[in-house]
Amino acid sequence: MGAVQSLLACCHAPTTGTKPVVRRTDPGRHKPIAEISVSELTRNIRSANELSDPHTLQVKGLDLDVKNNAKAHRTAEYDITDASVYDDREFLVVRRGQAFNVNVTFNKPFDPKNDELRIVFEFGKRPIPNRGTHVEIILSDEDSANEWGAWIESSKDNVTSLQIMTSPKIAVGKWKLSVDVVKRDQTSVTVYRHAHKDPIYILFNPWCKEDSVYLRDDDGTKLAEYILNETGNIYSGSYRKIASKPWVFGQFSGDVLDCALYLLETSRLRDHARGNPVIIARKLSAMINNDDENGVLAGKWSGDFSLGTPPLDWTGSVAILDKYYTTKEPVLYGQCWVFAGVLTTVCRALGIPARCVTNFSSAHDTDGSITIDKHYNADGSPLEEYNEDSVWNFHVWNDVWMARPDLPVGYGGWQAIDATPQETSQGVYCMGPVSVQAIREGRVNLPYDGQFAFAEVNADRLFWVLGEDGSMEKRFVLKNRIGLKLSTNPVSEDSPADKDSEREDVTTDYKYPEGSEEERAAVREANLHSTRAGMYETTAQDVAFDVTTNVDTFMGDDITVEIHLTNKSNHIRTSNGTLVLGSAYYTGVFYKELLNEKLKDIVLGPLEEKKLEFLVKAEDYLGSLVDHCLITISCVCVVKETRQHFVGRDELRLRKPHLTVKAPASAKVGEKFNVEVTFVNPLKLTLTNCELRAEGPGLQKPAIYKQSNVNANAEFKGTFDMTPVKAGKRAIVVYFNSRQISAVTASHSITVE
């Protein structure tokens, strides 16, 4: 599936003289063909309608099999995929990283041995091969992970069905599809291009593991809510009396998807950047409001709403987006829940998992101090000219799910973004995406806008008094009045009407329990990166902390974590805190908690050292590992006497057993040889659903060999044959997979004569 040809991506292909060329290789189905120069291909492209020779292959039409593809890609709910809904439009909407079917009708049966096809995809105003926005594919049986590809599914008479695979990293939006027939004679090469009249909509794919918005969803309920649910509740009121407001997101309705893509097209984002959900989420948080980008909604928080619709009157996003798409002018008016509702709609339409989050007693910090400051004069009267910070009864923003390869491991997953125009970020009214886990830990230095987001949920309220000398003196601190009962629509199999009075409380996603040592440590950590650093300075930094683990821990071994504490002072020191271990994806998205251990009253005498040891048994974590067997380690500690705090993070990648491949050092083309694969099961349990996956370019196409169960601590042995088809130095690549262990790998070099 991976024989992708790009006109400007041929610098590694064989050359004739100094001319770059495209070479089509023989994957087993096609005969080798002559080299084609780039200049020939680009100079001699003609419309398929210009081809009059009935003996030459000609594309007569393309059937994108919209209904079947839409069902397979979970896009059948988009109105634009069904000509019987509202209007006669019927466009193909698919998700990246997943194959779809195209039926090509020719003027005669397609002969893969003699006829040559190219499938061409183009995106944006100026498609460029080396930017990934101009892609050319030839038919091939070869399979390259995470790459474009195309292969023949079936042929009957004049109709050939192709399967086309898109890369899970490509830009989302409307792509142009063309099919080229290449005709050659002794002196020239001419390409007859059939361009499909309609665009193909390609979206993010949260069901695809290679997509950066992938969300593991074993029972299907999470994505049913965060992608597929068109209605839900947005919460408002106060933390003492929470009310729910039904909202129609309508992400599949009418022109909503076209409007979402219009926002990206007019966003000034480069075409090739429109596959990155981090960049897109940030840009959308700016474009839903109209303060800088001529965006969707104009905000208004008081006064006369007669020129537009009062924010409380909106019942959903569709009417807003339809009006904006029609007029290309901001819609009047929105407030926080309207901005959040519309942003949820746009993200879900594009394929980014999204939810509305309501924060009660929500702080608005105006100066980056990460505190909410109230100022008084000596007699207790408020100094309103100083009081720019505020606390709202509630505020609504969004969480979006994505990997964050731009951040340290452990900060993927839910990211907060906010389209309500409150404060500027890099000169624009937008916020995020900021990792919810980073907010929880006070790591506000990580991009984007961590200081502002942290203050919204966990700022302290500080009360200041103006002294006679003109200085401000801190008199009082309230530590538990900000960020209460954070709420979102619950994930459930019930219909929205059945969960009217329910809500999911996500407060602990954003902050440790109020008043806990971990929560106070997060506040102090955040303060270090504020405009008023030192607000929580400790009297001493005299306890050293060090968290260690054995980097050579194998999968199946118990995991040991040690915390070393050293008191460098001549006084008693007492530490409290929490150690958390969890499994995580390689992208850093947290999966499951494995250990949550409280460190209570660890007393250190003067100059004393202590070592604390914690154990996670193999049987307690084996069922919770994902992809690369990555374990995240987080430790938060506070010294009672000095208020010194420590926030430490680390990661442990569990090693997998060694796979041994036994095969000859040399072989001959066309002569079969045997490969033997062995390893010892390190686990104290039976491996089930076992298989070997083997391949080798020039040796064998990808193959899967089912294997018997492997008993606990037993040796596994598997064999298979290979028959080389090409000479040269080759490599055998073998993977062992089971339900309990996956991707145990090895390779073996072999010379073929």
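Student: I keep staring at the confidence of the model for the protein and nothing clicks. Help me out?
Tutor: Fine structural detail should not be taken from predicted coordinates in areas where pLDDT scores are low. Overall, the predicted model of the protein reaches an average pLDDT of 88, with 91% of residues at or above 70. In the predicted structure, residues 1–40 sits below a pLDDT of 50 and forms 93 contacts with residues beyond four places in sequence or in another chain. Long-range and interchain partners of residues 495–500, a stretch whose pLDDT sits below 50, account for 12 contacts in this model, where long-range means more than four residues apart.

Student: Would you explain the pairing of strand 16 (residues 241–248) in this entry?
Tutor: Each regular strand shows side chains that alternate between the opposite faces of the sheet. Note: strand 15 (residues 231–238) against strand 16, eight bridges, orientation antiparallel. Looking at strand 16, one finds that serine 236 is bridged to alanine 243. Once strand 15 ends, the chain turns through two residues before running back antiparallel as strand 16.

Student: I keep staring at the environment of aspartate 552 and nothing clicks. Help me out?
Tutor: You can see aspartate 552 is positioned in the loop between strand 30 (543–549) and strand 31 (559–567). With 100 residues separating them along the chain, aspartate 552 and leucine 652 place their C-alpha atoms 9.0 Å apart. At 3.2 Å, the side chain of aspartate 552 and the side chain of arginine 655 are in polar contact.

Student: It is not clear to me how helix 11 (residues 517–527) should be interpreted in this structure. Could you clarify?
Tutor: Spacing of three or four residues puts side chains on the same side of an α-helix, whose turn is 3.6 residues. With respect to burial, helix 11 is a largely interior element, 10 of its 11 residues being buried. Of the positions making up helix 11, those classed as buried are Glu518, Glu519, Arg520, Ala521, Ala522, Val523, Arg524, Glu525, Ala526 and Asn527.

Student: Would you mind going over the packing of aromatic side chains with me for this structure?
Tutor: Tallied over the entire structure, the rule returns 21 aromatic pairs. With a centroid separation of 6.3 Å and an interplanar angle of 20 degrees, the aromatic rings of tyrosine 376 and phenylalanine 463 are classed as stacked. With tyrosine 376 in strand 20 (residues 371–376) and phenylalanine 463 in strand 26 (residues 460–466), the pair connects residues that are 87 residues apart, well separated along the chain. One aromatic cluster in this structure is built from Phe121, Phe123, Trp148 and Trp175. Lying over the aromatic face of tyrosine 333, lysine 300 brings its terminal NZ or CZ to 5.6 Å of the ring centre. Over the face of the ring belonging to phenylalanine 249 we find arginine 348, whose NZ or CZ atom lies 4.8 Å from the ring centre.

Student: Would you take a moment to explain the side chain of glutamate 136 for this structure?
Tutor: Note that glutamate 136 resides in strand 9 (residues 134–137). The exposure class of glutamate 136 is buried, given its relative accessible area of 2%. Among the polar contacts listed, one links the side chain of glutamate 136 to the side chain of arginine 118, at a separation of 3.1 Å. A polar atom in the side chain of glutamate 136 sits 2.8 Å from the side chain of histidine 134.

Student: For this particular structure, what's the right way to read the state of the cysteines?
Tutor: Working definition of a disulfide: a covalent bond connecting the sulfur atoms of two cysteines. This structure, assessed with the given rule, holds zero disulfides. Looking at cysteine 259, it has no disulfide partner, and the nearest cysteine sulfur is the one in cysteine 347, 13 Å off. On the basis of relative accessibility, which here comes to 0%, the residue cysteine 259 falls in the buried class. Looking at the unpaired cysteine 635, the closest cysteine sulfur is the one in cysteine 637, lying at 3.7 Å.

Student: Looking at this structure, I do not really get the sheet that holds strand 37 (residues 660–662). What am I missing?
Tutor: Picture the strands of a sheet paired through backbone hydrogen bonds; they go either parallel or antiparallel. A sheet is described by the order of its strands in space; here three strands give the open sequence 37-39-42, paired in antiparallel fashion. The outermost strands of the open sheet, each flanked by one partner alone, are strand 37 and strand 42 (715–722). For this sheet, the mean inter-axis angle between neighbouring strands, taken without regard to orientation, is 20 degrees.

Conventions we followed
Residues numbered from 1 in each chain as written. Predicted model: local features only at pLDDT ≥ 70, side-chain atom pairs only at ≥ 80, totals over all residues. Heavy atoms only, no water. pLDDT = per-residue confidence, 0-100. Contact = heavy atoms within 4.5 Å. Pairing = 2+ DSSP bridges. Helix = DSSP H or I, 4+ residues; strand = E, 2+ residues; numbered from the N terminus. Polar contact = N/O pair within 3.5 Å; in protein donor to acceptor, adjacent residues only side chain to side chain. Buried < 20%, exposed > 50% of the residue type's maximum accessible area, 1.4 Å probe, protein only. Phe/Tyr/Trp six-rings, centres within 6.5 Å; stacked < 30°, edge-to-face > 60°. Lys NZ or Arg CZ within 6 Å of the ring centre and 35° of its normal. Disulfide = S-S within 2.5 Å. Axes fitted to C-alpha atoms, helices over the stretch in contact; angles between N-to-C directions.

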